[in-house]
Amino acid sequence: MENTLKLMNEFEERNNISTTLEINADGSGILREFWDEEIIKEFDNIETLVSFLSSGKLKLAEDGRSVSPIVIVG
């Protein structure tokens, strides 16, 4: 869990966004933007989540904030 939290922090810094995470008992879940609860990524297993948090990039506006609606670019 500590590794997942570290990856979330790195994802937030890279994408200038605050996140919240919902994980179900089967390992599926949803990564959301914290303030307006917009869905960033739905996942079927923890491995998919870890992969996305490790390298996922969102489209940023000119001021450096993530655009809304959220757009995944990588």
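Residues numbered from 1 in each chain as written. Predicted model: local features only at pLDDT ≥ 70, side-chain atom pairs only at ≥ 80, totals over all residues. Heavy atoms only, no water.

Asks: What's the story with helix 2 (residues 46-55) in this structure? I'm lost.
Replies: Leu49, Phe52 and Leu53 are the residues of helix 2 that are buried. Down the axis of helix 2, the buried side of the element spans an arc of 95 degrees, and every buried residue falls inside it. Against the buried residues of helix 2 lie helix 1 (2-15), strand 1 (19-23), strand 2 (29-33) and strand 3 (39-43). Its side-chain oxygen placed 3.2 Å from the backbone nitrogen of Glu47, Asn45 serves as the N-cap of helix 2. (Buried < 20%, exposed > 50% of the residue type's maximum accessible area, 1.4 Å probe, protein only. Helix = DSSP H or I, 4+ residues; strand = E, 2+ residues; numbered from the N terminus. Arc of directions from axis to C-beta. Contact = heavy atoms within 4.5 Å. Polar contact = N/O pair within 3.5 Å; in protein donor to acceptor, adjacent residues only side chain to side chain.)

Asks: Honestly, the side chain of Thr4 in this entry has me stumped. Any pointers?
Replies: For Thr4, the location among the structural elements is in helix 1. Under the relative-accessibility criterion, Thr4 is labelled buried at 11%. Apart from residues no more than four positions distant in its own chain, Thr4 is found in contact with Leu21, Leu49 and Leu53.

Asks: I would appreciate a short explanation of the nonpolar core in the present structure.
Replies: Across soluble globular proteins, you tend to see nonpolar side chains buried next to one another. Of all hydrophobic cores here, the largest spans twelve residues; its members are Leu7, Met8, Phe11, Ile17, Leu31, Ile40, Phe43, Leu49, Phe52, Leu53, Leu58 and Ile70. At the level of elements, helix 1, strand 3 and helix 2 are the ones that each hand at least two residues to this core. When residues no more than four places from it in sequence are discounted, the contact partners of Leu53 are Thr4, Leu7, Met8, Phe11, Arg14 and Leu31. (Core = buried A, V, L, I, M, F, W, Y, C linked by side-chain atoms within 4.5 Å.)

Asks: It is not clear to me how the sheet that holds strand 1 should be interpreted in this structure. Could you clarify?
Replies: Hydrogen bonding along the main chain pairs the strands of a sheet, whether they run parallel or antiparallel. Taking strand neighbours across the sheet as the criterion, the three strands line up as 1-2-3 in an open arrangement whose pairing is antiparallel. Edge positions in the sheet fall to strand 1 and strand 3, since each has one partner strand and no second. Adjacent strand axes in the sheet meet at a mean angle of 15 degrees, parallel and antiparallel pairs treated alike. The strands that helix 1 touches are strand 1, strand 2 and strand 3; relative to strand 1, the one it contacts most, it runs at about 145 degrees. Strand contacts of helix 2: strand 1, strand 2 and strand 3, with the helix running at about 140 degrees to strand 3, the strand carrying the most contacts. (Pairing = 2+ DSSP bridges. Axes fitted to C-alpha atoms, helices over the stretch in contact; angles between N-to-C directions.)

Asks: Can you help me understand the packing of aromatic side chains in this one?
Replies: Both the distance between ring centres and the angle between the ring planes are used here to describe each pair of aromatic rings. Taken as a whole, this structure holds two aromatic pairs when the rule is applied. A centroid spacing of 5.3 Å and a plane angle of 45 degrees characterise the contact between Phe11 and Phe52, whose relative ring orientation is tilted. Of the two residues, Phe11 sits in helix 1 while Phe52 sits in helix 2, which places them 41 residues apart along the sequence. By relative accessible area, Phe11 is classed as buried at 0%. Phe52 gets classed as buried once you look at its relative accessible area, which sits at 7%. Where Phe34 meets Trp35, the ring centres are 4.7 Å apart and the plane angle is 90 degrees; that geometry is what we call edge-to-face. For Phe34, a relative accessible area of 41% translates into the label partly exposed. Judged by its relative accessible area of 68%, Trp35 is exposed. (Phe/Tyr/Trp six-rings, centres within 6.5 Å; stacked < 30°, edge-to-face > 60°.)

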